[in-house]
2 protein chains.
Amino acid sequence: MTVSRVLRNRGDVSKATREKVLSAAKALGYVPNKIAGALASQRVNLVGVIIPSLSNMVFPEVLAGISAVLDETPLQPVVGVTNYRPEKEERVLYEMLSWRPSGVIIAGVEHSAASRAMLENAGIPIVEIMDVDGEPVDSMVGISHRRAGLEMARAIIAAGYSRIGFLGTKMPDDHRARKRMEGFEEGLAEAGLALEDREFYSGGSALLKGREMTEAMLARSPDLDFLYYSNDMIGAGGLLWCLEKGIDVPGRLGLAGFNGVELLDGLPCQLATMDACRREIGRKAAEIIAGTAPEGAAGVRLELTPRLELGDTIRKPGQTA
Amino acid sequence: MTVSRVLRNRGDVSKATREKVLSAAKALGYVPNKIAGALASQRVNLVGVIIPSLSNMVFPEVLAGISAVLDETPLQPVVGVTNYRPEKEERVLYEMLSWRPSGVIIAGVEHSAASRAMLENAGIPIVEIMDVDGEPVDSMVGISHRRAGLEMARAIIAAGYSRIGFLGTKMPDDHRARKRMEGFEEGLAEAGLALEDREFYSGGSALLKGREMTEAMLARSPDLDFLYYSNDMIGAGGLLWCLEKGIDVPGRLGLAGFNGVELLDGLPCQLATMDACRREIGRKAAEIIAGTAPEGAAGVRLELTPRLELGDTIRKPGQTA
DNA sequence: ATGAAAGCGCTAACAT
DNA sequence: ATGTTAGCGCTTTCAT
């Protein structure tokens, strides 16, 4: 019918007919059936976005970046959550691909063999995000978490700390947290140092866990002069606890987290951290899918550089211990 | 073909053929085309979930409740975010309905005329969530925010506070925050009281805003003996600021927030709050769509009861001012 | 500028 | 237990 032409603003349609169709559609409360449309046109304006979690502050911000870009295009994000579980990632990916989206943005470069095969055979642009330490299927946008850990270690050592503890998540499938820790240990090793203590948690309120783990670690290893947290939320918990106990931060004890979450702005003092470029990663990934990225639309490899923010919890050069 | 039968475990298929089809499918990396399937069967295993925001802690938790329930069913959630904007809600809803989902879960009971018309004509189960102060299109699961505000006011007055300030978001379209404030003022009015000061913010780090607004309000109205925050995040910022300044909480100044977010567990002391039953709301809404709710699948009206948690920031009966 | 017809890749109903 | 057929509601192409 001509109707189809009107609703998609295609082809030549006379003004009169157009108006008539439009008003009829509105009167009937007509909503076109995209299923049929997609089947006929072999085009689907959906972009699959697969992320491990929504409950921390990091992925929602990536999503915000993606949405900001896609809002300017006909594309729409559809998000799937894996809870850091490879089997769930497989399921979610399978479901998504069965809708034949225009592209997929997926967190991480580690995937099960089946997932990787699906991504490779999908025949659409794939962007793996967050992490660049690995071989991408197609495009890749992120930061090097290994390097982030490494540089934080160097900064800490440069500030004169040497007895260092690590506090993080107990997540075998959070590869980025793992890589940060490995990079961090590598950085310590450069200076002939090693982690003196470490502790991992899972589940629960991160702020509370940070508080509890800090207390436990300091009770166990009172000589530590620095604590590196695998994320800002537990770091903030630790910081609050130290402040409460009157511990001299950063003199007696230095602290650092990771992510650069907005939350930190509201703390009594600024926790040292490293910005993970979350929003920018989302923007870039979306641009690659939308085909508006200057870098192109396939095989792009983009490594962003996280900014180290010393804040108030690492000694500055002049400051004495 | 028989293939269709195998992939959907339907009808009688011999073991041998089944195996053959399955292995062939795997070898070819075959992913079925749900578009064609949906068109043919007139069934789509998608549930549209429309929420205003992902950047606070409240909606992700609702989503977690929804996912937990839908994971046991063939249904899959697809989320859309409106940023509290009615026009965006309209667009997102239109897009979703054009995929003919099995149901829609949507936050709030206030919608534009066009959105309401779409919901009414969709011919699928609709569940409006979070808020029960209004007339639903179909089903409704939530709490009464008006009553939540009212009861908080009563508790505060019962504890002996009388010079009360309000701090909240400047969001004309956050109807739930508005209703809480209205209910709160109603509660004050019962005791012949009224708000002595109020301040609203928008954007930025909520924790930081809470800190700044608290400082500003106390500078302006030093006689206040209670601050009611429209959410826990700004409440936490205010609490941290008070602790820092050595203000006697809850003796000299009482504080309360709203939501019952997990974050509060990690604070130096427990902020009074009211649990919004977020996870439970998500679960119930999903059950209604899935048809597994004992209440039925259409026209359900479910009001949950938020629990008041006095924490450490409201005086207990025995405590003196 | 408009209409007619084929067909997208499946499912459902009906053969066999 | 397996094969056959007619659509699902659009888009596309070709005709008028």
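Under an unreviewed UniProt entry, chain A has the name LacI family DNA-binding transcriptional regulator and belongs to Acidimangrovimonas pyrenivorans.

Engineer: How do you make sense of the protein's contact with DNA strand C when you look at a structure like this?
Structural biologist: As a matter of local geometry, DNA strand C sits amid 19 residues, with R5, D12 and Q42 of chain A together with S4 and R43 of chain B nearest to it. Each atom of DNA strand C within 4 Å of the protein belongs either to a base or to sugar and phosphate, the latter forming 71%. In this structure, S14 of chain A approaches DNA strand C through a main-chain N or O atom, which is 2.9 Å from a phosphate oxygen. Interatomic distance of 2.8 Å between a side-chain N/O atom of Y30 of chain B and a phosphate oxygen of DNA strand C.

Engineer: Even after reading the chapter, I still don't get the packing of helix α5 (residues 86–97) of chain B against helix α6 (residues 113–121) of chain B, so can you show me in this structure?
Structural biologist: Relative placement of two packed helices is described by the angle separating their axes and the distance separating the axes. All names here are of chain B. Between α5 and α6, the least distance of the axes is 9 Å, while the angle of their chain directions is 20 degrees. As the angle between them shows, α5 and α6 are arranged roughly parallel. Crossing of α5 against α6: the hand is left-handed. Each of E89, E90, L93, Y94 and L97 in α5 lies in contact with α6, whose residues at this interface are A114, S115, M118 and L119. Among the residues making up the contact of α5 with α6, the classes are represented as 6 nonpolar, 1 polar and 2 charged.

Engineer: Can you walk me through the relation of the copies chain A and chain B in this structure?
Structural biologist: Superposing the two chain copies requires a rotation about an axis and a translation along that axis. For the pair chain A and chain B, the relating rotation is 180 degrees, the translation along its axis is 0.0 Å, and the fit reaches an RMSD of 0.1 Å. This pairing of chains is accounted for by a two-fold axis. Taking the C-alpha atom as reference, chain A places I35 of chain A closest to the rotation axis, 2.8 Å from it. Taken together, the interface assignments show that 100% of the residues at the interface of chain A recur at the interface of chain B, consistent with an identical surface on both copies.

Engineer: Sorry if this is basic, but what is going on with the protein's contact with DNA strand D here?
Structural biologist: DNA strand D sits among 19 residues. The nearest are S4 and R43 of chain A together with R5, D12 and Q42 of chain B. Sugar plus phosphate: this is where 69% of the atoms of DNA strand D within 4 Å of the protein reside. Contacts to DNA strand D include R43 of chain A, whose side-chain N or O atom sits 2.4 Å from a phosphate oxygen. In the environment of DNA strand D, a base oxygen lies 3.4 Å from a nitrogen or oxygen atom belonging to the backbone of L39 of chain B.

Engineer: Got a minute to help me understand the pattern of salt bridges in this structure?
Structural biologist: All names here are of chain A. Counting across every chain of the model gives 45 salt bridges over all chains. Here R198 and E185 are joined by a salt bridge, their closest N and O atoms 2.9 Å apart. Taken together, the residues R198 in strand β7 (residues 197–201) and E185 in helix α8 (residues 175–190) connect sequence positions 13 residues apart. Among the residues examined, R198 registers a relative accessible area of 34% and is labelled partly exposed. Several salt bridges share partner residues, and in doing so they unite R146, R178, E182 and E186 into one network.

Engineer: What am I meant to see in the nonpolar core here?
Structural biologist: Across soluble globular proteins, nonpolar side chains show a tendency to be buried alongside one another. Among the nonpolar cores identified, the biggest contains 71 residues, and I105 and I129 of chain A together with I105 and I129 of chain B are the most heavily contacted of them. Residue contacts for I105 of chain A: discarding those within four places in its chain leaves V47, G48, V49, I50, I66, V127, I129, A285, A286 and I289 of chain A.

Engineer: Explain the packing of aromatic side chains here, please?
Structural biologist: The description of an aromatic ring pair rests on the distance of the ring centres and on the angle between the ring planes. Applying the stated criterion to the full structure yields 9 aromatic pairs over all chains. Where W99 of chain A meets W99 of chain B, the ring centres are 5.9 Å apart and the plane angle is 80 degrees; that geometry is what we call edge-to-face. With W99 of chain A in the loop between α5 (86–97) and β3 (103–107) and W99 of chain B in the loop between α5 and β3 (103–107), this pair bridges two chains. Both residues of the pair, W99 of chain A and W99 of chain B, belong to the buried class. Seen from their ring centres, F166 of chain A and Y228 of chain A are 5.8 Å apart, and the 70 degrees between their planes marks the pair as edge-to-face. Residue F166 of chain A is located in strand β6 (residues 164–169), and its partner Y228 of chain A is located in strand β8 (residues 226–229); the two are separated by 62 residues in the primary sequence. Residue F166 of chain A is classed as buried on the basis of its relative accessible area, which comes to 2%. An aromatic cluster is defined as three or more aromatic residues linked by ring pairs; in this entry it consists of F166, F184, F200 and Y228 of chain A.

Engineer: Just to check I follow, could you spell out the interface of chain A and chain B for this structure?
Structural biologist: The figure often quoted for interface size is the accessible area lost as the parts come together. Residue-level contacts link 41 residues of chain A with 41 residues of chain B. Buried surface at the junction of chain A and chain B, summed over both partners, amounts to about 4,100 Å²; 66% is from carbon and sulfur atoms. The largest per-residue losses of area from chain A upon contact with chain B belong to V31, I35 and W99 of chain A, which jointly make up 16% of the total buried on that side. If you look at where chain A meets chain B, you find 4 salt bridges. Between K88 of chain A and D71 of chain B there is a salt bridge, with the nearest N and O atoms lying 3.7 Å from each other. Here chain A and chain B share 11 residue pairs in polar contact (both at pLDDT 80 or more) between them. Put simply, the parts of the chain that give the side of chain A that touches chain B at least two residues each are α3 (34–41), α4 (58–70), β2 (76–81), α5, α9 (206–220) and α10 (232–244) of chain A. For the side of chain A that touches chain B, the element with the highest residue contribution is α3 of chain A, accounting for 5 residues. Its residues assigned to classes, the side of chain A that touches chain B shows 24 nonpolar, 8 polar and 9 charged.

Each value, and the rule that gives it
Residues numbered from 1 in each chain as written. Chains lettered and ligands numbered in written order. Predicted model: local features only at pLDDT ≥ 70, side-chain atom pairs only at ≥ 80, totals over all residues. Heavy atoms only, no water. Near = heavy atom within 4 Å. Polar contact = N/O pair within 3.5 Å; in protein donor to acceptor, adjacent residues only side chain to side chain. Axes fitted to C-alpha atoms, helices over the stretch in contact; angles between N-to-C directions. Helix = DSSP H or I, 4+ residues; strand = E, 2+ residues; numbered from the N terminus. Parallel < 35°, antiparallel > 145°, perpendicular 65-115°, else oblique. Left-handed = near helix turned anticlockwise from the far one by under 90°. Contact = heavy atoms within 4.5 Å. Nonpolar A, V, L, I, M, F, W, Y, C, P; charged D, E, K, R; others polar. Least-squares fit on C-alpha atoms with pLDDT ≥ 70 in both. Salt bridge = Lys/Arg side-chain N within 4 Å of Asp/Glu carboxyl O. Buried < 20%, exposed > 50% of the residue type's maximum accessible area, 1.4 Å probe, protein only. Core = buried A, V, L, I, M, F, W, Y, C linked by side-chain atoms within 4.5 Å. Phe/Tyr/Trp six-rings, centres within 6.5 Å; stacked < 30°, edge-to-face > 60°. Buried area = accessible area lost by both parts, 1.4 Å probe.

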